There are 2 protein chains.
Amino acid sequence: MKSIIRILKENDIAPSMQRIKILEYLKNYKTHPTADMIYQALADEMPTLSKTTVYNTLKTFTEKGILMALSLFGNEIRYEYNTQPHIHFQCIKCDKIYDLYNSFDHYNNDLIDGHKITEYHINLKGVCKSCLEKVGD
Amino acid sequence: MKSIIRILKENDIAPSMQRIKILEYLKNYKTHPTADMIYQALADEMPTLSKTTVYNTLKTFTEKGILMALSLFGNEIRYEYNTQPHIHFQCIKCDKIYDLYNSFDHYNNDLIDGHKITEYHINLKGVCKSCLEKVGD
DNA sequence: TTCCAAATTTGTAATTGTTACAAATGAGTA
DNA sequence: TACTCATTTGTAACAATTACAAATTTGGAA
Ligand SMILES: [Mn+2]
Ligand SMILES: [Mn+2]
Ligand SMILES: [Zn+2]
Ligand SMILES: [Zn+2]
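Bear in mind that the values here come from a model prediction, so they are computed numbers and not experimental data.

Some points on the interface of chain B and chain A
Each side of the interface is counted separately: chain B has 48 residues, and chain A has 48 residues. Summing both sides of the interface, chain B and chain A together bury roughly 4600 Å²; the carbon and sulfur share of this comes to 60%. The three residues of chain B that bury the most area against chain A are N123(B), L124(B) and K125(B), which together make up 19% of that side's buried surface. The tally of links from chain B across to chain A stands at 29 residue pairs in polar contact (both at pLDDT 80 or more). Counting only elements with at least two residues in the side of chain B that touches chain A, the list comes to β1 (68-70), β3 (87-91), β4 (97-100), β6 (115-127) and α5 (129-135) of chain B. When residues in the side of chain B that touches chain A are grouped by element, the largest group, 13 residues, is from β6(B). Partitioned by chemical class, the residues of the side of chain B that touches chain A number 25 nonpolar, 16 polar and 7 charged. When strand β6 (residues 115-127) of chain A meets β3(B), the two strands line up parallel, connected through 4 bridges. Bridge pairing in β3(B) places L124(A) opposite F89(B).

With respect to the domain arrangement of chain A
Residue and element names in this part refer to chain A. Each domain of chain A was delimited in the assignment, giving domain 1 (2-80) and domain 2 (87-136). Computed over C-alpha atoms, the centres of domain 1 and domain 2 are 24 Å apart. The interface is formed by 7 residues belonging to domain 1 together with 5 residues belonging to domain 2. Together, the buried faces of domain 1 and domain 2 total about 570 Å²; carbon and sulfur atoms form 62% of this surface. It is H32, L72 and F73 that lose the most area in domain 1 upon contact with domain 2, and together they represent 70% of the buried surface on that side. Scanning the region where domain 1 abuts domain 2 turns up 3 residue pairs in polar contact (both at pLDDT 80 or more).

Here we look at the protein's contact with DNA strand D
Close to DNA strand D lie 15 residues, the nearest being Y55(A), I77(A), S16(B), R19(B) and T53(B). Sugar plus phosphate, as a fraction of atoms of DNA strand D within 4 Å of the protein: 71%. I77(A) has a polar backbone atom sitting 2.8 Å from a phosphate oxygen of DNA strand D. Elements represented by at least two residues in the surface near DNA strand D include exactly α4 (51-64) of chain A together with α2 (17-28) and α4 (51-64) of chain B. Sorting elements by how many residues they give to the surface near DNA strand D places α4(B) first, with 3 residues. Among the residues forming the surface near DNA strand D, the class breakdown is 4 nonpolar, 9 polar and 2 charged.

The rules behind these values
- Residues numbered from 1 in each chain as written.
- Chains lettered and ligands numbered in written order.
- Predicted model: local features only at pLDDT ≥ 70, side-chain atom pairs only at ≥ 80, totals over all residues.
- Heavy atoms only, no water.
- Contact = heavy atoms within 4.5 Å.
- Buried area = accessible area lost by both parts, 1.4 Å probe.
- Polar contact = N/O pair within 3.5 Å; in protein donor to acceptor, adjacent residues only side chain to side chain.
- Helix = DSSP H or I, 4+ residues; strand = E, 2+ residues; numbered from the N terminus.
- Nonpolar A, V, L, I, M, F, W, Y, C, P; charged D, E, K, R; others polar.
- Pairing = 2+ DSSP bridges.
- Domains from an automatic or database assignment.
- Near = heavy atom within 4 Å.

Structure below.
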């Protein structure tokens, strides 16, 4: 298990206390927290922590590819350390977010790992056919 | 093709001018606009239109099931009239949002309808296994 | 070690997207 | 016409995020 500091150094990020604690939190608690949740969780331990630092750090980590930024359902951004591609399932009763590693066929599945699916959103990103043709070949 | 007014009446919504124009816009322009985009588009024609009315109306329509509210990638909510289940693809070059009706297997596909996929988010919603068991059977 | 430039953090203000709320307006009805 | 209820409007509040400049910290050069 790579140490937090080593992960930061490998990505050319100076391992400040703030950065270490934020990455450590995301490695330990795989709850897909928002920036504010991370801030609230660390504020006790680090009373001078600024919310701007949390935002700055999350931006840096995301740009370096250490974190993934997610728009799940609401209008706030969630973050996670997990890098393997996977699916997200959020329960409408308990709000918990599950990571799923199954295949999902939106024309068939209505049950996955025992969870009942009532709604799905498949959002893809990339270069569209038209833009691909414009570039040349 | 159902008239706008008829759609509203069928859903027990009084067909005010504002509601007609907003639904008409969403039926005509399938660009998945935000509340602000709709407001900007209609403001010329309806100089007294309030942004609150746009938000209120979108909320009413969504609750009645006439519209679908979407969290695609950013932190703003997009709306669409299209009711059939489908997939969204946004181009990182031209920002256009495409509706796709294919199947998508995140373990295989990297090309769909000629669009090159570089990132995907599959977000499911429902009742988790644990909450299903709590209720009884 | 001491000093300093560069990096990092901080606090505050600004911006954006959205909701709350009460007053104004409008439509339908007696 | 007058009344009532629905709808719209404008403003303020709120939440998430970003901009920015001042303060602090840091890692070397002297
Ligand atoms: Mn995840
Ligand atoms: Mn669509
Ligand atoms: Zn649950
Ligand atoms: Zn494109």
